[in-house]
Structures are given as C-alpha cells and as structure tokens.
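One letter stands for each residue in the lines below.
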Amino acid sequence: MLKGKRIILGVSGGIAAYKAIELLRLLTKAGAEVHVIMTRAAQEFVTPLTFQTLSGNPVHTELFNLIAEREIGHISLADRADLFIIAPATANVIGKIAGGIADDMLTTTVMATKAPVLIAPAMNVNMFTNPIYRENEEKLRRLDYRFVPPVSGSLACGWEGEGKLAPPETIFEEAVAALSPKDLAGRTIMVTAGPTREEIDPVRYISNHSSGKMGYALARSAARRGARVILVSGPTSLSPPSGVELLHVTSACEMRDVVMARAVECHAIIKSAAVADYRPVDRNADKIKKNSERASVELIRNPDILGGLGRMDKRPYLVGFAAETAMVSEYAAKKLSEKNLDMIVANDDSQPDAGFNVDTNRALLIFRDGRSEACSLMSKDDLAGRILDHIAAELASR
Ligand code: CTP
C-alpha cells in the first residue's frame, strides 16, 4: 500500500513517544521506507536503537553530526520525503514550526521539506487548550499542515481530557490518505458490505459467512481517494473505516430501503454485500419451541436490491459481485446483463484463499462492453484499489 514511499517520522519528547514505535511498525509493514528523526527530549523516553532496528535505517538525532550529514544530510532527507509525520508532536515543537524556528534536526528538516506534513499532537489538556497553542495550530492548518487531533482520556500527567496522542492506527490511516491520489474527490460512492440476517424468531436467524472485509476495504480505499462514502453494512465485527458515513442494517429489506433512499446521491454504487436471497415468510414473535422431530421454515424471495438499482432511470455506475463455485465467468456475465450493471466482480468461492472470510481475493472483473480483467491472488485492499481505478477512470470520462 505504501510501497516505494519515503516517509520521515519525527518523534518529539513525550511519554507517547513509545506509541511512535507501533506507528513505525505499521508504516514499514505497509511497505514504506521510513527515516526517523528524534529530538533530544524524545531520546529520554525511547532509545534511538529501537527505531533504528525497526526502521532498518539510521536514526537522525543531531543536526551537526558529520557522519550522518555526509551519508544523507538533512536537506536531502527533506527533499526525498513523500510525507513527513511528526508523532508525537509536543506543544514546543509545534510552536517552533509555527514560529519558523529551526534549531535542531527535526525542526530544520520540517522547514526544508516540500512534502506534506502530518502532525499528531500529544500534550497536557491545559497546554492543548492554551490560546497560544491554539493559534499556532490554526496558523499551521492555514498553511496546509495537516493535523491528526489528539483524543480524550486520562493523560500521563494525571489530568483527564483532550491531549492523548491519536491511536497509531488512526495516524497510519491519515498517512495513507495523505499519500493517496484524490481521483475520487467530489464523487459520492455507496458501498454495501457484510451479510444480511433474516430473523426466524427473536433468537434465531438465517445468514451467511460474509465477513464484510471486501466491502470495508472498498469503503476505506474510496474515502482515502477523496470520495464521500456511504457504507451500508450488515452485521460484522469490523471496526468502521475512518471518514465514511456508516449506516447499519440487519435484513435485506432494511438494506433495500436504505440503499434506495440514498441511491440518487451517488455517482457509483458497489454492492459487495452478501444479501440473503430468502427470508422466512413469518417471523415468530416468540422463540419457537422444539415440540416436534421435524421442523421447517417457509421462505420467500428477498427483493433484488441490485436489480432494482439497475432499473433506475438515471442510474449511477453499478458494480455487482458474483460468488460462484462453477462456470464463474459465464454465470457472472449473465448477472451483469440481467441486472444491467457496468462491472461485476466474480469470485470463485470454491477456492480457500478467495471469497468469504479471508483477507485475500482472486477475482475476474467483467465489464459491460464484454472486456474482462483477471486479478491474481491479492489482498482485499489491493483488489479494492483495482476496482476503484476502473470506477475513477469511468467517472472521469463521463
Ligand atoms: N444482491 C442484491 N440483492 C439481493 C441479492 C443479491 O443486491 N437480494 C446483489 C449482491 O450484493 C451482489 C449481486 O447481487 O452484488 C449478486 O447477485 P445474485 O444473482 O443475487 O447472486 P447470488 O445470490 O449469488 O445468485 P445465485 O444464488 O442465483 O447464484
């Protein structure tokens, strides 16, 4: 995801410096080349050796270190960066940057960079609300510095309130967003995800094994690329992607109501939800007792939500999913034409590494004009990127 990206991670002095280790791990795991700069105060909390070991690169601590300057000086470090993150950023460091002070390796390199700068503050709540700090933050925001706001909680200094460093996962997400192309800016994209549940009685339901991972990856990726995202989700155990409007639904009928109500706002709709095809004719008000040896539940067809979207007068760009176990491309192409879609993502569910409940997928993208594109085994995040590449290109050409 961040393959080939060069990131400078500036760590300033605060107890939250240890959380920068987790952030570094997330960045390197995603493929980024990370160069760490630590202030003198940061080294009181965590040793440079920890960051050096985990980044695989020398840690920069001194502005006037002759060896480090010869190998990769602060200017070339600043020049080569795709993104500069400061986490945690103290009130002091933020004040210095806002005031144009460059008196150590971190502040000098920030001043010399043309890369986007992402600042994740961490400080005492009274410092955070201090008008001097507020003014510094506002000034930097006006100058296009991005902030990952701190969260509320009990602070290391004993106070309760805002000032705790944002979780490393949130800072990571903002970093990925900062480095993503904004080719979906101005577009509204609806994604449906997860299974639906069709209740039999108050304690039982019919559902399927969908985890929602593919839909959540699509929603996350579209938001990173600048889209306004409406995520309509059946029950899942996933944490909501940041920056999306998440609407929870349970049954297929509820999903249909929400999707149809919001469809007119959308430039594209991606229906990755595994909608239950049938629901019980009647939902028992009370729990059904086991009074007989055999039991049966009469089922009735659920509305075809995607089919309904395909019949809209001015329909958005429509993407469906087809989970097949045989004759994958034939069945998927038939669904594409029957439901009047623009693209269908066909999964071979007979494969253990594709489809439901796994992190990877192998798919065949089939388009309305008969073209197709085979996607080899890849992460659901990468597949989401491929699907969105097509949507972005198509929307741009309209
Ligand atoms: N879909 C929908 N509403 C339904 C059922 C499915 O919107 N009631 C959508 C799914 O979100 C998916 C696509 O339609 O994008 C799947 O097509 P469908 O023909 O319903 O697939 P299957 O349920 O797998 O069909 P079959 O069981 O006939 O293979």
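Each value, and the rule that gives it
- Residues numbered from 1 in each chain as written.
- Predicted model: local features only at pLDDT ≥ 70, side-chain atom pairs only at ≥ 80, totals over all residues.
- Heavy atoms only, no water.
- Core = buried A, V, L, I, M, F, W, Y, C linked by side-chain atoms within 4.5 Å.
- Buried < 20%, exposed > 50% of the residue type's maximum accessible area, 1.4 Å probe, protein only.
- Helix = DSSP H or I, 4+ residues; strand = E, 2+ residues; numbered from the N terminus.
- Contact = heavy atoms within 4.5 Å.
- Salt bridge = Lys/Arg side-chain N within 4 Å of Asp/Glu carboxyl O.
- Near = heavy atom within 4 Å.
- Polar contact = N/O pair within 3.5 Å; in protein donor to acceptor, adjacent residues only side chain to side chain.
- Areas by Shrake-Rupley, 256 points an atom, 1.4 Å probe, with all protein chains shown as cover.
- 1 Å grid on protein atoms, 1.4 Å probe; cavity = no way out; pocket = protein on both sides within 12 Å on 5 of 7 lines; lining within 4 Å.
- Sits in = over half its atoms within 2 Å of the grid points.
- Pairing = 2+ DSSP bridges.
- Axes fitted to C-alpha atoms, helices over the stretch in contact; angles between N-to-C directions.
- Phe/Tyr/Trp six-rings, centres within 6.5 Å; stacked < 30°, edge-to-face > 60°.
- Lys NZ or Arg CZ within 6 Å of the ring centre and 35° of its normal.

Peer 1: I'd like to hear about the nonpolar core, residue by residue, with values.
Peer 2: Ranked by size, the top nonpolar core spans 35 residues in total, and within it Leu27 and Ile85 carry the most contacts. Contributions of two or more residues to this core are made by β1 (6–11), α1 (19–29), β2 (33–38), β3 (83–89), β4 (117–121) and α10 (168–179). With six residues, the top contributor of residues to this core is α10. Beyond its immediate stretch of four places on either side in the chain, Leu27 contacts Leu2, Ile7, Ala32, Val34, Ile85, Phe172 and Ala175. Residues Ala219, Ala222, Val229 and Ala363 belong to the second largest nonpolar core, which totals 34 residues.

Peer 1: Mind laying out the pattern of salt bridges, listing which residues take part and the relevant values?
Peer 2: If you walk through the whole model with that rule in mind, you get 25 salt bridges. Note that Glu22 and Arg25 form a salt bridge whose closest N and O atoms lie 3.1 Å from each other. Residue Glu22 and its partner Arg25 are located together in helix α1, separated by three residues, close to a single helical turn. Of the charged contacts, one joins Lys335 and Glu324 as a salt bridge, the two residues approaching to 2.6 Å between their closest N and O atoms. Remark: Glu324 occurs in strand β16 (residues 317–324) and Lys335 occurs in helix α14 (residues 328–338); sequence separation between them is 11 residues. Using a relative accessible area of 8% as the deciding quantity, one classes Glu324 as buried. Beyond isolated ion pairs, a larger network of salt bridges with shared partners links Arg228, Glu245, Arg262 and Glu265.

Peer 1: How would you summarise the site of the ligand if you had to cite specific residues and measurements?
Peer 2: If you check the shell around the ligand, you find 13 residues, and the closest are Lys271, Ala273, Pro303, Leu306 and Phe321. Phe321 places a main-chain nitrogen or oxygen 2.9 Å from an oxygen atom of the ligand. Taking 580 Å² as the accessible area of the ligand by itself, protein coverage stands at 74%. A molecule is said to occupy a pocket when more than half its atoms come within 2 Å of that pocket's grid points, and by this definition the ligand occupies the largest pocket. Counting residues per element, the ones that place at least two in the shell around the ligand are α13 (305–310) and β16. At three residues, β16 tops the list of elements feeding residues into the shell around the ligand.

Peer 1: I'd love a proper account of the sheet that holds strand β8 (residues 188–193), names of residues and values included.
Peer 2: Strand order across the open sheet formed by eight strands is β12-β11-β8-β13-β16-β17-β18-β19, with mixed pairing between neighbours. Single-partner strands in this sheet number two, and they are β12 (245–248) and β19 (372–379). Recorded for the sheet is a direction-independent mean angle of 20 degrees between the axes of neighbouring strands. Its contacts with the sheet place helix α15 (residues 380–397) against β8, β13 (268–271), β16, β17 (343–348), β18 (360–367) and β19, and it is angled at close to 145 degrees to β19.

Peer 1: Talk me through the packing of aromatic side chains; I want residue IDs and the actual numbers.
Peer 2: Two aromatic rings are characterised by how far apart their centres lie and by the angle between their planes. Per the counting criterion, the structure on display carries one aromatic pair. Ring geometry for Phe128 versus Tyr133: centroids 5.5 Å apart, planes at 40 degrees, classification tilted. Assigned by exposure class, Phe128 and Tyr133 land together as buried. In this structure, Arg134 is placed above the aromatic ring of Phe128, and the distance from its NZ or CZ to the ring centre is 4.7 Å. The ring centre of Phe367 lies 4.5 Å from the NZ or CZ of Arg371, which sits over that ring.

Scope: geometric values only; no functional claims are made or implied.
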